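For reference, the chains in residue letters:
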Amino acid sequence: MPKKKTGARKKAENRREREKQLRASRSTIDLAKHPCNASMECDKCQRRQKNRAFCYFCNSVQKLPICAQCGKTKCMMKSSDCVIKHAGVYSTGLAMVGAICDFCEAWVCHGRKCLSTHACACPLTDAECVECERGVWDHGGRIFSCSFCHNFLCEDDQFEHQASCQVLEAETFKCVSCNRLGQHSCLRCKACFCDDHTRSKVFKQEKGKQPPCPKCGHETQETKDLSMSTRSLKFGRQTGGEEGDGASGYDAYWKNLSSDKYGDTSYHDEEEDEYEAEDDEEEEDEGRKDSDTESSDLFTSLNLGRTYASGYAHYEEQEN
């Protein structure tokens, strides 16, 4: 019979478990809350951007730089960790910084721990937006991570990507390797797998976690827990509705697509008809003026002599 646990032993085990969870949570900080990805407002141009050493827009240096590892703006010298000793003096500004990170483009303070660990553990090492393929140095916004596929996203594409992330590349929920229903979905490959085909010889499943994707190794999720949808294709001859004369095809498809995209265009059509009618009237008026000038030019050199219209005809009759 095992010995019964005492109260002190239970408390010690619970304390060790809590400390273990705290250590794990410190190592995995949320990307949006990390100091190197914090929001910063430039002192000169007043534009909000990601925490960086120099302003992305005006290249000015900030008065109070933020450390990319610990997030502090003032070094109080409470520990002997500083590389540059400043006993009894609080250092701020450029006196506090020690380096610039090549990955996140932010200041790192002169603490020995921050200088030695940040470059290896920087969360923005390979931060490239999966939609626009821009890195930290290519745009001034912050970097985010998709809640479903865990890929990097820039500030411009985060909402649009996450709205369309749970869409499979297939037209059904069946496994890509067989015809059975896919119970596990990989949100990076956008594919479903059954229980048998999630077992991979390359990627091993960790205890207490979902099986990895056999293609990319990303952790899969159960399809029933997600709001997955399948890909829908709109072909011209299949989606074009029949018109009044019974004709259907690509012409009807493009008309339906344009009406769905731009809404009702009857008002614009009426304006175009009016403009065309005005242009036709102007062309007709110009044509009439040209014909009148041509006919008058023809009869200018013509001499008919004395006629009844000229008033000399009665003199000729009296002489005869």
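So, a few notes on the structure that sits alongside this text. (Residues numbered from 1 in each chain as written. Predicted model: local features only at pLDDT ≥ 70, side-chain atom pairs only at ≥ 80, totals over all residues. Heavy atoms only, no water.)

Let's talk about the overall build of the protein chain
What counts is decided by this rule: Numbering goes from the N terminus for both helices and strands, where a helix is a DSSP run of H or I of at least four residues and a strand is a run of E of at least two. Here the term buried applies to any residue with accessible area under 20% of the maximum for its type, exposed to any over 50%, and partly exposed to those in between, with areas from a 1.4 Å probe on protein chains only. In what follows, residue pairs with any heavy atoms lying within 4.5 Å of each other are defined as contacts. What sets the accessible areas is the Shrake-Rupley method with a 1.4 Å probe; for residues, cover comes only from the shown protein chains.
Within the protein chain one finds seven helices and eleven strands. Per-residue burial over the protein chain gives 27% buried out of 320 residues. Sequence-distant contacts, at least 24 apart, represent 42% of the contacts inside the protein chain between residues at least 6 apart. When the accessible surface of the protein chain is split by element, carbon and sulfur atoms take 49% of a total near 22,900 Å².

A few points about the packing of aromatic side chains
Our working definition: For Phe, Tyr and Trp, rings pair up if their centres lie within 6.5 Å, where Trp contributes its six-membered ring, and each pair is then called stacked (planes under 30 degrees apart), edge-to-face (over 60) or tilted (otherwise). Only when the NZ of Lys or the CZ of Arg is both within 6 Å of the ring centre and within 35 degrees of the ring normal is a charge said to sit over the ring.
Evaluated as defined, the whole model comprises two aromatic pairs. Ring geometry for F54 and W107: centres 6.0 Å apart, planes at 55 degrees, overall tilted. Taken together, the residues F54 in the loop between strand 2 (48–50) and strand 3 (74–75) and W107 in strand 6 (residues 107–109) connect sequence positions 53 residues apart. Taking 5.3 Å as the distance between ring centres and 90 degrees as the angle between the ring planes, the aromatic pair formed by Y56 and F57 counts as edge-to-face. Taking the relative accessible area as the measure of exposure, F57 reaches 40% and is therefore partly exposed. Sitting over the ring of F57, R47 keeps its end group 4.7 Å from the ring centre.

What to know about the environment of K190
Convention followed: Any pair of N or O atoms that falls within 3.5 Å is considered a polar contact. Within protein, one atom must be able to donate a hydrogen and the other to accept it, and sequence-neighbouring residues count only if both atoms are side-chain atoms.
Here K190 lies in the loop between strand 9 (184–186) and strand 10 (191–193). In this structure, the C-alpha to C-alpha distance between K190 and L168, residues 22 residues apart in sequence, is 4.7 Å. Apart from residues lying up to four places away in sequence, K190 is in contact with C165, V167, L168 and E169. A polar side-chain atom of K190 sits 2.4 Å from the main-chain carbonyl oxygen of L187.

Focus: unusual backbone geometry
Its identity is not glycine, yet E105 carries a phi of approximately 60 degrees, on the positive side. Structurally, the position occupied by E105 is in the loop between strand 5 (97–100) and strand 6. At E133, a residue that is not glycine, the phi angle is positive and equals roughly 60 degrees. Note that E133 resides in the loop between helix 2 (112–121) and strand 7 (143–145).

Looking at the side chain of E105
The buried category is assigned to E105, whose relative accessible area is 11%. Beyond its immediate sequence surroundings of up to four residues, E105 is in contact with N51, R52, A53, F54, I100, V136 and W137.

Overview of the nonpolar core
Keep this limit in mind: What makes a nonpolar core is a set of buried Ala, Val, Leu, Ile, Met, Phe, Trp, Tyr and Cys residues whose side-chain atoms join them at distances within 4.5 Å.
Core analysis: the largest hydrophobic core is formed by 21 residues, its most contacted members being A68, C104, V108, L124 and I143. Sorting elements by how many residues they give to this core places strand 6 first, with three residues. Within the second largest apolar cluster, eleven residues are counted, among which are C149, C165, L187 and L226.

Focus: the side chain of R142
Quick reminder of the rule: Charged residues are defined here as Lys and Arg on the positive side and Asp and Glu on the negative side; His and the ends of the chain fall outside this count. Salt bridges are defined as contacts in which a side-chain nitrogen from Lys or Arg sits within 4 Å of a carboxyl oxygen from Asp or Glu.
Relative to the helices and strands, R142 is located in the loop between helix 2 and strand 7. For the buried R142, no salt bridge is present, and the opposite-charge side chain at shortest range is E155, 5.7 Å distant. For R142, the contacting residues outside a window of four places in its chain are A32, N37, A38, S39, K50, L153, C154 and E155.

Here we look at the sheet that holds strand 10
Rules: Two strands are said to pair when DSSP picks up at least two bridges between them.
Sheet architecture is open: three strands sit in the order 10-9-11, paired in antiparallel fashion. Sheet topology places strand 10 and strand 11 (221–222) at the edges, where each strand pairs with a single neighbour. As paired strands, strand 9 and strand 11 are joined by two bridges and run antiparallel to one another. When the sheet's bridge partners are listed, S185 is paired in strand 11 with Q221.

Points about the state of the cysteines
The condition is simple: Note on terminology: pairs of cysteine sulfur atoms within 2.5 Å are recorded as disulfides.
Taken as a whole and judged by the stated rule, the model has zero disulfides. Cysteine C42 remains unbridged, with the sulfur of C45 as its closest cysteine sulfur at 3.5 Å. Among the residues examined, C42 registers a relative accessible area of 1% and is labelled buried.

Remarks on the pairing of strand 5
The sheet contact formed by strand 5 and strand 6 spans three bridges and is antiparallel. In the sheet register, A99 faces strand 6, and the bridge partner there is V108. Counting the residues in the hairpin turn of strand 5 and strand 6 gives six residues, including E105, whose phi is positive at 60 degrees.

Description of the pattern of salt bridges
Taken as a whole, this structure holds four salt bridges when the rule is applied. Residue E13 is joined to R9 by a salt bridge in which the shortest nitrogen-to-oxygen separation is 3.8 Å. One end of the pair, E13, and the other, R9, are both in helix 1 (residues 7–27), four residues apart, so they sit about a helical turn from each other. Classification of E13 as partly exposed rests on a relative accessible area of 28%. Looking at R9, the relative accessible area reads 44%, which means it is partly exposed. A salt bridge links R134 to D156; the shortest N-O distance between them is 2.9 Å. One end of the pair, R134, is in the loop between helix 2 and strand 7; the other, D156, is in the loop between strand 8 (152–154) and helix 3 (158–163), and 22 residues separate them in sequence. For R134, a relative accessible area of 26% translates into the label partly exposed. Given a relative accessible area of 58%, D156 falls into the exposed group.

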